[in-house]
Amino acid sequence: MDSRNAISELICRSCMALDAKDFNAYLALCDANYHYAITAYSPEIRKDMTWLEHDKAGMQLLFGNLPKHNSDQSPLSRHVTVYTITPVDDAKEARVVSALQVFRTSLDGGATELFAVGKLLDTVSLADGEPKLLDRNVKLQTRMLGFGYHIPL
């Protein structure tokens, strides 16, 4: 499989793992130096807001603490479309821009609604032959998510 296909598959697998709440599988796709953030631009304050930020150990702790949270259990379905893959650093890394739409299906009645829209801004490590997520910024356009969601998008 060429690197562009492997990178696209990595991005899709990361979304599938989160959809399935298979957090170990998600973390297995991440480099040891992984960094994760959810940000959104606020026109009211004219700057980016950071809603969540963790390294790989922080993500593992977050996932481990999820059963202790009073969370909305409605399943989320992520739909991702990889737009661009740009090699950098002598092809040891790649920058990936993908569109992200997240749908929520309510447990009460089963209605599905669009929950969030944004972009995944990923840096993928290609150093060891197998692509790994090195950095992910979930750059949201949606700024009203309600309460009760502790699972990263």
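Use the structure listed above.
Residues numbered from 1 in each chain as written. Predicted model: local features only at pLDDT ≥ 70, side-chain atom pairs only at ≥ 80, totals over all residues. Heavy atoms only, no water.

Novice: Just checking my understanding: could you explain helix H1 (residues 3-19) for this structure?
Specialist: Given 3.6 residues per turn, any residue in an α-helix points the same way as the ones three and four places further on. With 17 residues, H1 extends 24 Å between its outermost C-alpha atoms, agreeing within 8% with the 24 Å of an ideal straight helix rising 1.5 Å per residue. For H1, the set of buried residues is Ala-6, Ile-7, Leu-10, Ile-11, Ser-14, Cys-15, Ala-17 and Leu-18. Buried residues along H1 sit against helix H2 (23-28), helix H3 (56-65), strand E3 (76-88), strand E4 (93-105), strand E5 (112-125) and strand E6 (132-140). The opening residue of H1 is Asp-2, an N-cap whose side-chain oxygen sits 3.0 Å from the backbone nitrogen of Arg-4. Just beyond H1, the residue with positive phi is Lys-21, at close to 55°. (Helix = DSSP H or I, 4+ residues; strand = E, 2+ residues; numbered from the N terminus. Expected span 1.5 Å × (residues − 1). Buried < 20%, exposed > 50% of the residue type's maximum accessible area, 1.4 Å probe, protein only. Contact = heavy atoms within 4.5 Å. Polar contact = N/O pair within 3.5 Å; in protein donor to acceptor, adjacent residues only side chain to side chain.)

Novice: Quick question: what am I supposed to make of H3 here?
Specialist: Every buried residue belonging to H3 is among Gly-58, Met-59, Leu-62 and Phe-63, and all of these are buried. Axial view of H3: buried residues confined to an arc of 135°, hence all on one face. In H3, the exposed positions that point more than 90 degrees away from the buried face belong to Ala-57 and Leu-61. Looking at the buried side of H3, the elements it contacts are H1, H2, strand E1 (30-42) and strand E2 (47-55). Capping the start of H3, Asp-55 holds a side-chain oxygen 3.3 Å from the backbone nitrogen of Ala-57, two or three residues further along. (Arc of directions from axis to C-beta.)

Novice: When you look at the packing of aromatic side chains in this model, what are you seeing that I'm missing?
Specialist: To describe a pair of aromatic rings, you give the distance between the ring centres and the angle between the ring planes. Under the criterion given, the structure shown has four aromatic pairs. Relative to Tyr-34, the ring of Tyr-26 lies with its centre 6.2 Å away and its plane at 75°, an arrangement referred to as edge-to-face. Accessibility expressed as a relative area gives 1% for Tyr-34, which makes it buried. Three or more aromatic residues joined by ring pairs make a cluster, and in this case those are Phe-23, Tyr-26, Tyr-34, Tyr-36 and Phe-63. (Phe/Tyr/Trp six-rings, centres within 6.5 Å; stacked < 30°, edge-to-face > 60°.)

On their own, these measurements won't tell you what the molecule is for.
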